Amino acid sequence: MVLAATRLSKNGENEGTAVDFHGNPADKSKTGGWLAAGLILGSELSERICVMGISMNLVTYLVGNLHISTSKSANIVTNFMGTLNLLALFAGFLADAKLGRYLTVAIFATITALGVTLLTLATSIPSMRPPQCSDYRMQHHQCIEADGRQLAMLYTALYTIALGAGGIKSNVSGFGSDQFDAKDDKEAKAMIFFFNRFYFCISLGSVFSVTVLVYIQDNVGRGWGYGISAATMVIAVVVLLGGTPVYRFKKPQGSPMTVIWKVLFLAWKKRRLNYFSNPSLLNGYLNGEVSHTQGFRWLDKAAIAEDKDFNGDTTHRDNPWMVSTVTQVEEVKMVLKLIPIWSTCILFWTVYSQMTTFTVEQATFMDRKVGSFLIPSGSFSFFLFITILLFTSLNEKLFVPLARKLTHNVQGITSLQRIGIGLIFSIAAMVAAAIVEKQRREISVHQQTMVSAFWLVPQFFLVGAGEGFAYVGQLEFFIREAPERMKSMSTGLFLTTISMGFFVSSLLVSLVSKVTKKAWIRNNLNKGRLENFYWTLAVLGVLNFLVFLVFAMRHQYKTQKLNSNNGEEELKGFEDTEKMES
């Protein structure tokens with residue numbers, strides 16, 4: 001019955017029509033809405049508990065238990081997170097082309113549960129760790145590092161999790177938004193808050209991870225901490241499957257990459273043709289689902305139909321390898337318009353990755369005691385996620401309503417404005433991190449005392465505030481601005497900014513270590529110059545923000561072509577709620 005929902009509905013509805021799990025047109029009174037969206041969010045909540053519970057405290061395990069160097073440990077974490085988000089793009093293609101979002105989330109959630117189970121075993125079995133090392137031997141770099149066999153099991157577990165979590169990430173938000181009908185005024189209004197509440201919920205999972213799970217990992221055992229994560233993921237799969245009767249499904253509309261390659265191929269093949277003076281002569285213009293635009297005009301040639309293409313047989317006019325439609329061309333244009341903004345979002349996540357690596361390592365060189373209680377290093381990420389919760393709440397309750405009154409825009413703050421604010425916060429975070437690290441090291445070296453780890457709160461706060469704006473803004477931008485048939489792929493494209501951010505962090509760490517001959521980043525932070533690395537990121541952040549401003553000012557928000565009952569054409573823009581009759 002579930003598979004029926006991935007096929008065209010029985011009554012022949014078009015590709016964008018929502019159906020129930022029998023494949024019949026969805027009954028709004030029995031399917032979709034906040035109940036269905038909430039059950040779906042359980043999968044992302046559990047994924048976040050697993051991934052954050054691992055990534056935020058993994059570097060301390062690699063350094064302290066497997067005796068791997070600080071820079072190499074940081075790269076292991078960032079490469080894991082980078083691969084996770086990169087695989088999201090693959091899962092997005094798979095959902096759009098064949099499986100649909102529901103089956104993709106269910107399958108990859110199961111894979112995630114398997115991966116966390118493997119990690120539980122890898123960290124619980126004594127033979128999977130090198131011999132313990134005394135403080136004296138650790139200070140003199142005499143510890144035995146984990147061997148290939150031990151690392152092989154660890155890597156297998158991590159990258160199984162990366163595969164599964166990537167599949168969840170790229171589809172769960174799109175599947176959740178499918179539970180609301182954008183053409184229904186009431187449900188369209190609810191969808192406005194969906195992305196904020198989506199991120200608020202998964203941030204709750206992150207807070208649980210960096211407090212409860214990290215404490216269990218450090219004080220009870222890694223196996224117990226990861227075992228709880230595995231159990232949580234299994235429960236999420238059961239809940240997701242149990243909610244099947246109340247979901248709305250949309251039929252997979254074919255591989256978006258096939259459409260993109262066909263349009264690019266035909267545009268190149270017909271590059272010598274002259275442009276039509278009137279775009280209405282382009283193939284499929286009159287019944288196009290998307291309004292024709294002037295940007296990337298060279299792609300329009302893919303929609304020029306020539307008689308010689310069909311050898312006099314007009315029945316081949318719909319052959320996509322002969323000629324594209326205006327709708328297909330415009331969909332490719334939408335994807336290309338995402339790329340400039342995509343490129344400027346990467347550095348935010350490079351900054352964010354420092355919160356999972358070097359900032360956690362900084363905490364190990366600081367005073368983490370509150371009375372007699374020793375706070376785990378990874379638990380200071382609590383301030384990151386509590387700030388995210390604060391700002392996502394303020395976005396919905398304060399910033400958006402206030403912005404609506406000032407701008408008369410239903411969105412209040414546009415997605416690009418959110419991203420820009422997030423970039424500014426990330427720059428400020430690196431400035432604060434550089435100042436704090438310099439003071440921490442000087443006090444530790446010259447006064448032989450450790451400063452309070454709560455000095456790290458400002459950088460956690462600033463990155464958290466930035467993420468509260470940037471994540472929601474980027475997710476909204478990539479889903480709203482992408483073609484409907486490419487919603488999962490566009491979510492995957494957004495997640496590749498996170499992926500590239502982590503990979504760029506690994507690259508920068510490797511380059512800095514090589515250029516400075518490991519003078520900036522050392523196992524003993526007191527002998528390094530970590531603040532210089534933070535200053536480098538701050539300077540790069542300023543340059544990146546200036547480029548973002550240029551791209552943002554040139555970006556034109558997507559328009560959608562609709563037909564009213566009297567046959568008039570309307571353009572409906574996401575940036576402006578006003579309707580313009582054409």
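Residues numbered from 1 in each chain as written. Predicted model: local features only at pLDDT ≥ 70, side-chain atom pairs only at ≥ 80, totals over all residues. Heavy atoms only, no water.

Asks: When you look at the packing of helix H2 (residues 70-124) against helix H4 (residues 148-177) in this model, what are you seeing that I'm missing?
Replies: Geometrically, a packed helix pair is captured by the angle between its two axes and the distance between the axes. Running from N to C, H2 and H4 point in directions that differ by 145°, and their axes come no closer than 7 Å. Of the residues in the contact of H2 with H4, the class split is 30 nonpolar, 15 polar and 2 charged. (Axes fitted to C-alpha atoms, helices over the stretch in contact; angles between N-to-C directions. Helix = DSSP H or I, 4+ residues; strand = E, 2+ residues; numbered from the N terminus. Nonpolar A, V, L, I, M, F, W, Y, C, P; charged D, E, K, R; others polar.)

Asks: What is the right way to look at the packing of helix H1 (residues 33-64) against H2 in this model?
Replies: Their axes nearest at 4 Å, the elements H1 and H2 cross at an angle of 160°. Between H1 and H2, the angle falls in the class roughly antiparallel. The hand of the H1/H2 crossing is left-handed. Here the contact of H1 with H2 is composed, by residue class, of 19 nonpolar, 5 polar and no charged. (Parallel < 35°, antiparallel > 145°, perpendicular 65-115°, else oblique. Left-handed = near helix turned anticlockwise from the far one by under 90°.)

Asks: Looking at this model, I keep getting lost on the pattern of salt bridges. Mind explaining?
Replies: When the charged atoms of two side chains lie near each other, side chains of opposite charge can form a pair. Tallying each qualifying case throughout the model produces 7 salt bridges. Here Lys169 and Glu44 are joined by a salt bridge, their closest N and O atoms 3.8 Å apart. With Lys169 in helix H4 and Glu44 in helix H1, this pair connects stretches of sequence that are 125 residues apart. Exposure remark for Glu44: the relative accessible area of 1% places this residue in the buried category. Its salt-bridge partner being Asp178, residue Arg101 comes within 2.4 Å of it at the nearest N-O pair. Here Arg101 is found in helix H2, whereas its partner Asp178 is found in the loop between H4 and helix H5 (185-219), with 77 residues between them in sequence. You'll find Arg101 and Asp178 in the same group, each marked buried. In the salt-bridge network here, residues are joined through shared partners; they are Glu44, Glu47 and Lys169. (Salt bridge = Lys/Arg side-chain N within 4 Å of Asp/Glu carboxyl O. Buried < 20%, exposed > 50% of the residue type's maximum accessible area, 1.4 Å probe, protein only.)

Asks: I'm lost on the environment of Ala26 in this one. Help?
Replies: Among the structural elements, Ala26 can be located in the loop between strand E1 (18-19) and H1. With 222 residues separating them in the primary sequence, Ala26 and Arg248 have C-alpha atoms 6.2 Å apart. The contacts of Ala26, once residues within four sequence positions are left out, are Ala18, Val19, Asp20, Thr31 and Arg248. (Contact = heavy atoms within 4.5 Å.)

Asks: I tried to follow the side chain of Gln150 on my own but got confused; where do I start?
Replies: Mapped onto the secondary structure, Gln150 falls in helix H4. When neighbours within four sequence positions are excluded, Gln150 is seen to be in contact with Ser127, Met128, Arg129 and Pro130.

Asks: Would you take a moment to explain helix H12 (residues 415-446) for this structure?
Replies: Residues that lie three or four places apart on an α-helix share one face, since the helix turns once every 3.6 residues. Compared with the 46 Å implied by 1.5 Å per residue over 32 residues, the 47 Å span of H12 between its first and last C-alpha is a close match. One or two steps after H12, the chain reaches Gln448, where phi turns positive at roughly 55°. (Expected span 1.5 Å × (residues − 1).)

Asks: It is not clear to me how the packing of aromatic side chains should be interpreted in this structure. Could you clarify?
Replies: The geometry of an aromatic ring pair comes down to the distance between the two centres and the angle between the two planes. Enumeration over the complete set of coordinates arrives at 26 aromatic pairs. A centroid spacing of 6.0 Å and a plane angle of 65° characterise the contact between Tyr102 and Phe175, whose relative ring orientation is edge-to-face. Remark: Phe175 occurs in helix H4 and Tyr102 occurs in helix H2; sequence separation between them is 73 residues. For Tyr102, a relative accessible area of 6% puts it in the buried group. (Phe/Tyr/Trp six-rings, centres within 6.5 Å; stacked < 30°, edge-to-face > 60°.)

Asks: How should I be thinking about a nonpolar patch on the surface in this particular structure?
Replies: Among the surface-exposed residues, Val539, Leu540, Val542, Leu543, Leu546, Leu549 and Met553 lie close enough to one another that they form a single nonpolar patch of about 630 Å² accessible area. Residue placement: Leu540 occurs in helix H15 (residues 530-554). (Patch = residues over 30% accessible without salt bridge, like charges linked within 9 Å, V, L, I, M, F, W, Y side chains within 5 Å. Areas by Shrake-Rupley, 256 points an atom, 1.4 Å probe, with all protein chains shown as cover.)

Asks: Where do I start with H1 in this structure?
Replies: Taking 1.5 Å as the rise per residue, H1 with 32 residues should run 46 Å; its terminal C-alpha atoms sit 47 Å apart, in good agreement. At Asn57, H1 shows its largest kink, close to 50°. In terms of burial, H1 is largely enclosed, as 26 of its 32 residues are buried. (Bend = angle between axes of the 7 residues up to and from the residue.)

Asks: Sorry, what's going on with unusual backbone geometry here?
Replies: Comment: phi is negative for the bulk of residues other than glycine, and the bulk of peptide bonds are trans. Although it is not a glycine, Gln448 adopts a positive phi angle of roughly 55°. Structurally, the position occupied by Gln448 is in the loop between H12 and helix H13 (457-481). Taking relative accessible area as the criterion, Gln448 reaches 67% and is therefore assigned exposed. Despite not being glycine, Lys518 shows a phi value in the positive range, around 65°. Inspection of the secondary structure assignment puts Lys518 in the loop between helix H14 (487-515) and H15. Look at Lys518 and you get exposed, because its relative accessible area is 52%.

Asks: Would you explain the nonpolar core in this entry?
Replies: The nonpolar side chains of soluble globular proteins are, as a tendency, buried together. In this structure, Leu62, Tyr352, Leu384, Phe385, Tyr471 and Phe533 are the most contacted members of the largest nonpolar core, which totals 145 residues. Examining the composition of this core, we find that 18 residues originate from one element, H2, more than from any other. Look past the residues within four positions of Leu62 in its chain and what remains in contact with it is His67, Ile68, Ser73, Ile76, Val77 and Leu154. (Core = buried A, V, L, I, M, F, W, Y, C linked by side-chain atoms within 4.5 Å.)

Asks: Explain the environment of Gln354 here, please?
Replies: Turning to its location among the elements, Gln354 is positioned in the loop between helix H9 (326-353) and helix H10 (358-364). Of the residues examined, Gln354 reaches a relative accessible area of 0% and is grouped as buried. With 76 residues separating them along the chain, Gln354 and Met430 place their C-alpha atoms 9.3 Å apart. When sequence neighbours within four positions are dropped, the list of residues in contact with Gln354 reads Thr359, Met430, Ser505, Phe533, Tyr534 and Leu537. There is a polar contact of 2.7 Å between the side chain of Gln354 and the backbone oxygen of Thr350. (Polar contact = N/O pair within 3.5 Å; in protein donor to acceptor, adjacent residues only side chain to side chain.)

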